[in-house]
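What follows is the residue order along each chain.
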Amino acid sequence: MKQVNIHEAKTHLSELIAAAEAGEEIVIARANQPAVKLVAVGGRPGASAFGCMKGTIRFVGDVVSPLGESWDADA
């Protein structure tokens, strides 16, 4: 865990944000006393949740065919 003072955090904010997005935790200190922790909120920026399961689900057989008369909807 990296610790920086407020002045350094203001000067290098974009680099600190990039480091937090990469998984690093950064502590911002005031007068050498830890004040806040900078961590990433979620996934990578620009990453989409859509398609995250691509290739993990497979359908076997004909999934669009009717169920037939043997299937009872009331059961």
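Preceding this section is the structure that the text describes.
A brief report on the enclosed structure follows. Remember, predicted model here, so these are calculated numbers, not experimental data. (Residues numbered from 1 in each chain as written. Predicted model: local features only at pLDDT ≥ 70, side-chain atom pairs only at ≥ 80, totals over all residues. Heavy atoms only, no water.)

### Details of the overall build of the protein chain
Selection rule: The helix and strand labels rest on DSSP assignments: H or I over at least four residues marks a helix, E over at least two residues marks a strand, and numbering proceeds from the N terminus. The buried label goes to any residue with under 20% of its type's maximum accessible area, the exposed label to any with over 50%, and the partly exposed label to all in between, with areas taken from a 1.4 Å probe on protein chains only. A contact between two residues is defined here by any heavy atoms of the two lying within 4.5 Å. Using a 1.4 Å probe, the Shrake-Rupley method yields the accessible areas, and only the shown protein chains count as cover for residues.
When helices and strands are tallied, the protein chain shows two helices and three strands. Written out in order from the N terminus, the α and β elements of the protein chain read β-α-α-β-β. Each of the 75 residues in the protein chain was classed as buried or not, and the buried ones make up 12%. Sequence separation of 24 or more characterises 29% of the internal contacts of the protein chain that already satisfy a separation of 6 or more. Counting only carbon and sulfur atoms, one obtains 56% of the accessible surface of the protein chain, whose full area is about 6700 Å².

### Some words on the pairing of strand 2 (residues 26-30)
Look at any regular strand and the pattern is simple: side chains alternate between the two faces of the sheet. Filter applied, for reference: Criterion used throughout: strands pair if DSSP finds at least two bridges between them.
Burial within strand 2 is extensive, with four of its five residues counted as buried. Relative to strand 2, strand 1 (residues 2-5) runs parallel, the two sharing four bridges. Paired with Gln-3 across the bridge in strand 2 is Val-27. The pairing of strand 2 with strand 3 (residues 33-38) spans five bridges and is classified as antiparallel. Note on strand 3: the bridge partner recorded for Val-27 is Lys-37. In textbook terms, the turn of a hairpin is the stretch between consecutive antiparallel strands, and for strand 2 and strand 3 this stretch comprises two residues, one of which, Ala-31, has a positive phi near 55 degrees.

### Let's talk about the nonpolar core
This is how it is decided: For our purposes a nonpolar core is just a set of buried Ala, Val, Leu, Ile, Met, Phe, Trp, Tyr and Cys residues, chained together by side-chain atoms within 4.5 Å.
With seven residues, the main nonpolar core is built from Val-4, Ala-9, Leu-16, Ala-19, Ala-20, Ile-26 and Ile-28. At the level of elements, helix 2 (13-21) and strand 2 are the ones that each hand at least two residues to this core. Counting residues per element, this core draws most heavily on helix 2, at three residues. Excluding residues within four positions of it along the chain, Ala-19 makes contact with Glu-24 and Ile-26.

Functional significance is not addressed by these values, which are geometric in nature.
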